Amino acid sequence: MDISDLAGVLDSIVELVFSEESEFLDSLTDEVQANFVVPLGMSAKMLVGGECSAMEFISAASTVRYCAEPHMAEFPDELVQMLSRLPG
């Protein structure tokens, strides 16, 4: 997967989780928000800022997946499928 594909997947995850139309974020426990949403938000800032190296971006995407894995059973299938496309 190249960086543009990776950015697209991460952007889709950000859109799903932070979408105002979705009740997803509000449905998460405090633990999931701390463990998963915080790293995702940091990665989203990197995505928007564009001022990071490819290695930093790949590391951020890997961190999002790593932080999400313990909570995947609580996530909708669509989100799990997108997260599984991030580097592990």
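Treat the numbers as computed from the prediction; the structure is a model and nothing was measured.

### Re the overall build of the protein chain
In terms of regular secondary structure, the protein chain is built from five helices and zero strands. Along the chain direction, N to C, the helices and strands of the protein chain fall in the order α-α-α-α-α. Here the protein chain has a C-alpha radius of gyration of 12 Å; the compact-globule value for 88 residues is 12 Å, and the two agree. C-alpha atoms of the protein chain, sized along the principal axes, occupy 35 × 25 × 20 Å. For the protein chain, the proportion of its 88 residues judged to be buried stands at 36%. Summarising the internal contacts of the protein chain: among those between residues at least 6 apart in sequence, 63% fall at separations of at least 24. Of the roughly 5,300 Å² that the protein chain leaves accessible, carbon and sulfur atoms contribute 53%.

### Things to note about the packing of aromatic side chains
Scanning the entire structure with this criterion turns up two aromatic pairs. The interplanar angle of 65° and the centroid separation of 5.8 Å between the aromatic rings of phenylalanine 24 and phenylalanine 75 together place this pair among those described as edge-to-face. Here the residue phenylalanine 24 occupies a position in helix H2 (residues 24–27), and phenylalanine 75 occupies one in the loop between helix H4 (54–68) and helix H5 (77–83), the gap between them amounting to 51 residues. In this pair, the class of phenylalanine 24 matches that of phenylalanine 75, namely buried. Residues phenylalanine 36 and phenylalanine 75 carry aromatic rings whose centres are separated by 5.0 Å and whose planes lie at 40° to one another, so their mutual orientation is tilted. One end of the pair, phenylalanine 36, is in helix H3 (residues 30–49); the other, phenylalanine 75, is in the loop between H4 and H5, and 39 residues separate them in sequence. Assessed through its relative accessible area of 6%, phenylalanine 75 is described here as buried. Three or more aromatic residues joined by ring pairs make a cluster, and in this case those are Phe24, Phe36 and Phe75.

### Some remarks on helix H1 (residues 3–18)
Spanning 16 residues, H1 covers 22 Å between terminal C-alpha atoms, matching the ideal 22 Å at 1.5 Å per step. Buried residues along H1 sit in contact with H2, H3, H4 and H5.

### Details of the confidence of the model for the protein chain
The predicted model of the protein chain averages 89 in pLDDT, with 99% of residues at 70 or higher. Ranking the elements of the protein chain by mean pLDDT puts H2 last, at 84, and H5 first, at 95.

### Some points on the environment of glutamate 15
Note that glutamate 15 resides in helix H1. For glutamate 15, a relative accessible area of 53% puts it in the exposed group. Distance in space between the C-alpha atoms of glutamate 15 and alanine 44 is 9.6 Å, their sequence separation being 29 residues.

So, how was this worked out
Residues numbered from 1 in each chain as written. Predicted model: local features only at pLDDT ≥ 70, side-chain atom pairs only at ≥ 80, totals over all residues. Heavy atoms only, no water. Helix = DSSP H or I, 4+ residues; strand = E, 2+ residues; numbered from the N terminus. Rg over C-alpha atoms; globule rule 2.2 N^0.38 Å. Buried < 20%, exposed > 50% of the residue type's maximum accessible area, 1.4 Å probe, protein only. Contact = heavy atoms within 4.5 Å. Areas by Shrake-Rupley, 256 points an atom, 1.4 Å probe, with all protein chains shown as cover. Phe/Tyr/Trp six-rings, centres within 6.5 Å; stacked < 30°, edge-to-face > 60°. Expected span 1.5 Å × (residues − 1). pLDDT = per-residue confidence, 0-100.

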